[in-house]
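Structural features, examined
What follows is the residue order along each chain.
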2 protein chains.
Amino acid sequence: MKTILGRELPDYIEGYGEVTPFQGAFKDARIKTRVAVKLTSVNPSDQKVLANLEEAFDKLNLKDGMTISFHHHLRNGDHVLNMVVEGLAKRGLKDLTIAASSIFPIHEPLVAHIENGVVTGLVSNYISGPVAEAVSKGKLKKPALMQTHGGRSRAIESGDLHIDVAFLAAPTADTYGNINGVHGKAACGTLGYALSDAEFADQTVAITDNLVPFPACPIQVSQVFVDYVVQIDSIGDPAGIVSGTTKMTKDAVALIIAKRAAEVIKASGLVKDGMSFQTGAGGTSLAVAAELQEIMQREGVVGSFASGGITGPLVEMLEAGLFKTLFDVQCFDLEAIDSYRSNATHQAMSASMYGNPHTKGAVVNCLDIMILGATEIDTNFNVNVTTGSNGVIIGGSGGHSDTAAGAKLSIVVTNLIKARLPIIKDQVTTITTPGESIDVVVTERGIAVNPRRVDLIEKLRMTNLPLVTIEALKIMAEKITGIPKDVPTLEKIVAVVEYRDGSVIDVVRQIK
Amino acid sequence: MKTILGRELPDYIEGYGEVTPFQGAFKDARIKTRVAVKLTSVNPSDQKVLANLEEAFDKLNLKDGMTISFHHHLRNGDHVLNMVVEGLAKRGLKDLTIAASSIFPIHEPLVAHIENGVVTGLVSNYISGPVAEAVSKGKLKKPALMQTHGGRSRAIESGDLHIDVAFLAAPTADTYGNINGVHGKAACGTLGYALSDAEFADQTVAITDNLVPFPACPIQVSQVFVDYVVQIDSIGDPAGIVSGTTKMTKDAVALIIAKRAAEVIKASGLVKDGMSFQTGAGGTSLAVAAELQEIMQREGVVGSFASGGITGPLVEMLEAGLFKTLFDVQCFDLEAIDSYRSNATHQAMSASMYGNPHTKGAVVNCLDIMILGATEIDTNFNVNVTTGSNGVIIGGSGGHSDTAAGAKLSIVVTNLIKARLPIIKDQVTTITTPGESIDVVVTERGIAVNPRRVDLIEKLRMTNLPLVTIEALKIMAEKITGIPKDVPTLEKIVAVVEYRDGSVIDVVRQIK
């Protein structure tokens, strides 16, 4: 069985199930179902606050084989996932599936639970650090399921990913389960990745280190979705939650790339009133935002929105009147948290509203310009952000495929060579995002436009920008680095990479 | 078949179905299901804005027998319901069920469509004016289904009330279907009654007279629930939407009642930090709020929240620091709209979060004190706010049963005699709210406490308040008015009164 991109896939993967191969970004659309949800209604005399996590475990009717979920707003400062899994392991539970929207180095203790069979399944949009290495080495019993941010919401809301218990790290929770992320010592801002979990899990437990009297204000996750509230000492380490001030790059090559990307945007004709923009929090991406800011100011353009994980530089653009509003699924720094707390035009969005392809229209659908990164790009513009060139898992789509699919202009900004390896290859190690969603690749040595975008090629030909074919870029890089050898892998599939619609776009095999 | 309150009900009602008789306020609780929803996913190239209502009708795959829904935030200024039904009638559709959260005198044109068979079903929480009279006279083919505000959300979310198309009057909508009620010439504030409709209808159409570029800010109903957007000239008449400044009564008797109600509240021990309070927008109810305000200020008490339909006086209490936050399902006046627009502690709630008994805890569950009205009360404290003493429908529960069930202290404030008729009777014409939810009846001639509330009776005995039995109140009234004759009705059931859990608490029969 082959995907439309030519990847060979088995028709059945043990521990995953039947495979629907990827057939194109919008092939699986139209009539969809939001799944039914069972819930236990709460009467006026019922209390939700429990004495501790153990009491919650007692109430939850826990069983081997359950799927438990976590959001990743506390990022590399998260204490909740480790604490819950440790507690469940002590109770002798086995064969758990962890559905965590992302996994970071702080989740290293999970490796031991993977090795001892407490955890046998993992569903995530982004996996980095020791857990990623353990998965790559084949330690997890079932293949990890790697989704996109929008695809995770789709899977939860459609019933493809059934969550038995959602454990919600709550920077602030009141006694009736209303949650916000803007107050408390572990404040993280918006809670976009927690909402589908709260709404669709069989049971939802809020775990907080800032229990406040009813009602919390503001309310980001409503009491109507929360069964129990547990107070603990600390849900997370603020130092790991926010990265402080996000800074753009000072690297000269990266700045050239950013400048060229901004020129591409300008030449595309999309810089006009009502424009919308998203970028990641990486140094080069933020440098593109800075370049774009200059252009918008010079031309007096007022955009409609910037979106995504929000950083200080985007907050500044909002405050400077360059965008009318922000759509924020996740605050990346303190500036973003402060802004979301105090500025009503800094609006939150759920992961579903952000990128779920099977709603009545996600925000990514309204996006003009998207700036993306890449670990590898092939000559069909397919992008890998899932594995390194050595085959080890280093991340995953996050919102990469979602935004690339939705945006009118998706630009990958990257150095042509990284760590002495060429970025552009005949075949990427793992396909994360299909080439049909990528319009332009901007490097320091030239700009390649996807041949599908004839309109854009014509516009860019009117400029002095150094247009080249992607094949030419590949050859340029290989002249310097040589042609890298293919990374040999074992047969065992250690991760299934799902496209946002739930089809399988690729698999990751065990490293040697 | 009998309800627990002794009302005789048929076990099957033509046009309604099988009857589950009411068995107690919290008998039908615990494991519940939120129903699955079918939706048509929207791709980036799809447009939602249609040229006019006719184009929407073309797209909607309309059929005889469909259920179409409307919210009532535009109250007696609403243009949308009449316009849509008129348009559907012109297309020759028949046998429609109108699920409107409330019906007002402005909806008089519906009577003609009831008479000619375009509309054969009606589901509503409150029906007043010509439509109520038409229903009472037996003109509607099927019995009207009268629900509570929370019960309507329950019915929609459980699948008991399936909506084919929700037509959402939108004071402001953007081109991708995001809606708010705070901007536009028909601004009405919060949109609490529109949310379950938008989320659970097969198809949702936003109808606006203020179409703005994407994205609207703030967003109260999300784009992910809206299929189409239609712009029309006017969705409503502002004069009918808000009542201007809500004023408390100046009637001397009503002021005495209010003062006594406040003394009951004080004596109950509930006036303390963290207290919560709700009252209707009637003159006497607002006078209770004014009395309570004085007590709270004198004693330095800071409450947690006030809730419900919000009026200027409650906004003043918020701004004076007497409550930390408001929960607003519906703004009753311009002060409330302004406050909701600008004050983050003035929080919106959906009708489901407000009163749906089958969620993980509605706001009514957290309510300490509720001030209610009554058309009739029986000696078992059952309350009628559905029909007048002549048997004609004059309203319905709205949030009456929801708040009474949830609040720790539910107080009915009423004159003992209205329009020369006694309020307290052996049997009320229609039971809207069960007596088990009513704690106290305060009249100008005495205060009756529900015998179930032994604790409260003991507290009130320590005061000088004029405690009497409800039977004594009845006799006092009848001494003045005489014993009113029972209103004779025909056999035909014209309305089924559902309790908030979906059981049938009473029926309304055709007037002679």
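Owing to the predicted nature of the structure, the values given are computational and were not obtained by experimental measurement. (Residues numbered from 1 in each chain as written. Chains lettered and ligands numbered in written order. Predicted model: local features only at pLDDT ≥ 70, side-chain atom pairs only at ≥ 80, totals over all residues. Heavy atoms only, no water.)

**Looking at the sheet that holds strand β22 (residues 383-384) of chain B**
Residue and element names in this part refer to chain B. If you walk across this open sheet you meet the three strands as β22-β21-β26, and the pairing is mixed. In this open sheet, the two edge strands, each paired with only one partner strand, are β22 and β26 (424-425). Examined bridge by bridge, strand β21 (residues 376-378) and β26 share two bridges and lie parallel to one another. Within the sheet, the bridge partner assigned to Ile 377 lies in β26 and is Ile 424. (Pairing = 2+ DSSP bridges. Helix = DSSP H or I, 4+ residues; strand = E, 2+ residues; numbered from the N terminus.)

**A short note on the relation of the copies chain B and chain A**
Superposing chain B onto chain A requires a rotation of 180° together with a translation of 0.0 Å along the rotation axis, leaving an RMSD of 0.0 Å. Considering both components of the superposition, the chain copies are consistent with a two-fold axis. Within chain B, the C-alpha atom positioned nearest to the axis of rotation is that of Ala 36 of chain B, 2.0 Å from it. Take the interface residues of chain B: 100% of them recur as interface residues in chain A, which is what a same-surface contact looks like. (Least-squares fit on C-alpha atoms with pLDDT ≥ 70 in both. Contact = heavy atoms within 4.5 Å.)

**Details of the nonpolar core**
With 172 residues, the main nonpolar core has Phe 70, Val 84, Ile 98, Phe 167, Ile 265 and Ile 411 of chain A as its most contacted residues. It is helix α8 (residues 252-268) of chain A that provides the largest number of residues to this core, a total of seven residues. Among the nonpolar cores identified, the runner-up in size contains 171 residues, and Ala 134, Ala 169, Ala 287 and Ile 493 of chain B belong to it. (Core = buried A, V, L, I, M, F, W, Y, C linked by side-chain atoms within 4.5 Å. Buried < 20%, exposed > 50% of the residue type's maximum accessible area, 1.4 Å probe, protein only.)

**Re the environment of Lys 59 of chain A**
Residue and element names in this part refer to chain A. Assignment of secondary structure puts Lys 59 in helix α1 (residues 53-59). Residue classification places Lys 59 among the partly exposed positions, given a relative accessible area of 42%. Residues Lys 59 and Tyr 228, spaced 169 residues apart in sequence, show a C-alpha to C-alpha distance of 9.2 Å. In contact with Lys 59, other than residues within four places in its own chain, are Leu 50, Gln 203 and Tyr 228.

**A word on the pattern of salt bridges**
As enumerated under the stated definition, the model contains 44 salt bridges over all chains in all. Where Lys 266 of chain B meets Glu 299 of chain B, a salt bridge forms, and the shortest distance between an N and an O atom there is 3.3 Å. Residue Lys 266 of chain B is located in helix α8 (residues 252-268), and its partner Glu 299 of chain B is located in helix α9 (residues 283-299); the two are separated by 33 residues in the primary sequence. One salt bridge in this structure joins Lys 474 of chain B and Asp 426 of chain B, with 3.2 Å as the shortest N-O distance. Within this pair, whereas Lys 474 of chain B is found in helix α15 (residues 470-481), its partner Asp 426 of chain B is found in the loop between β26 and β27 (440-443), the two being separated by 48 residues in sequence. Salt bridges linked by common partners bring Glu 54, Asp 58 and Arg 91 of chain A together as one network. (Salt bridge = Lys/Arg side-chain N within 4 Å of Asp/Glu carboxyl O.)

**A closer look at the confidence of the model for chain A**
Caution is warranted with low-pLDDT regions, since their predicted coordinates should not be read in detail. When pLDDT is averaged across chain A, the result is 96; 99% of the residues are at 70 or more. Interface predicted TM-score (ipTM) for the complex: 0.96; the corresponding pTM is 0.97. (pLDDT = per-residue confidence, 0-100.)

**Observations concerning the side chain of Ser 153 of chain A**
Residues and elements named next belong to chain A. Counting through the fold element by element, Ser 153 comes out in helix α5 (residues 149-158). Its relative accessible area of 4% is what places Ser 153 among the buried residues. Discounting chain neighbours no more than four positions away, the residues touching Ser 153 are Ser 196, Ala 351, Ser 352 and Asn 356.

**A few points about the pairing of strand β20 (residues 369-372) of chain B**
All names here are of chain B. Across the two faces of β20 the burial is the same, with Ile 369 and Ile 371 and Met 370 and Leu 372 all buried. Note: strand β16 (residues 276-279) against β20, three bridges, orientation parallel. Opposite Phe 277, over in β20, you have Ile 369 as the bridge partner. With four bridges joining them, β20 and strand β23 (residues 409-413) adopt parallel strand pairing. Bridge pairing links Ile 371 to Ile 411 in β23.

**Comments concerning unusual backbone geometry**
Cis rather than trans, the peptide bond between Cys 217 of chain A and Pro 218 of chain A has omega equal to 0°. With respect to the secondary-structure elements, Pro 218 of chain A resides in the loop between β14 (211-212) and β15 (228-231). Its identity as a non-glycine residue notwithstanding, Asn 61 of chain B has a phi of 55°, on the positive side. You will see that Arg 75 of chain B, though not glycine, has its phi angle at about 40°, which is positive. Tracing the backbone through its elements, the reader meets Arg 75 of chain B in the loop between β6 (67-70) and α2 (80-90).

**A word on the packing of α8 of chain B against helix α14 (residues 454-461) of chain B**
Residue and element names in this part refer to chain B. It is at 9 Å that the axes of α8 and α14 come closest, and there the two elements cross at 105°. With respect to their mutual orientation, α8 and α14 come out roughly perpendicular. Counted together, Val 264, Ala 267 and Ser 268 of α8 and Leu 456, Lys 459 and Leu 460 of α14 form the full contact between these two elements. A per-class count over the contact of α8 with α14 returns four nonpolar, one polar and one charged. (Axes fitted to C-alpha atoms, helices over the stretch in contact; angles between N-to-C directions. Parallel < 35°, antiparallel > 145°, perpendicular 65-115°, else oblique. Nonpolar A, V, L, I, M, F, W, Y, C, P; charged D, E, K, R; others polar.)

**Quick notes on the interface of chain B and chain A**
Between chain B and chain A, the contact holds 57 residues from the first and 57 residues from the second. Buried surface at the junction of chain B and chain A, both sides included, amounts to about 4,800 Å², of which 56% is carbon and sulfur. The largest per-residue losses of area from chain B upon contact with chain A belong to Arg 34, Leu 39 and Lys 360 of chain B, which jointly make up 20% of the total buried on that side. The interface formed by chain B and chain A includes four salt bridges. Here Lys 360 of chain A ties to Asp 227 of chain B by a salt bridge, and the two come within 2.7 Å at their closest N and O atoms. If you look at where chain B meets chain A, you find 28 residue pairs in polar contact (both at pLDDT 80 or more). Across the side of chain B that touches chain A, the residue classes tally to 29 nonpolar, 18 polar and 10 charged. For strand β4 (residues 37-40) of chain A and strand β3 (residues 31-34) of chain B, the ladder comprises four bridges, and the chain directions are antiparallel. (Buried area = accessible area lost by both parts, 1.4 Å probe. Polar contact = N/O pair within 3.5 Å; in protein donor to acceptor, adjacent residues only side chain to side chain.)

**Focus: the domain arrangement of chain A**
All names here are of chain A. Each assigned domain of chain A is listed with its residue range as follows: domain 1 (52-241) and domain 2 (252-486). Taking only C-alpha atoms into account, the centre of domain 1 sits 29 Å from that of domain 2. Contacts between the two partners involve 32 residues from domain 1 and, on the opposite side, 30 residues from domain 2. Of the roughly 2,200 Å² buried where domain 1 meets domain 2, counting both sides, 61% is carbon and sulfur surface. At the surface where domain 1 touches domain 2, the tally comes to zero salt bridges. In this assembly, domain 1 and domain 2 are joined by 19 residue pairs in polar contact (both at pLDDT 80 or more). (Domains from an automatic or database assignment.)

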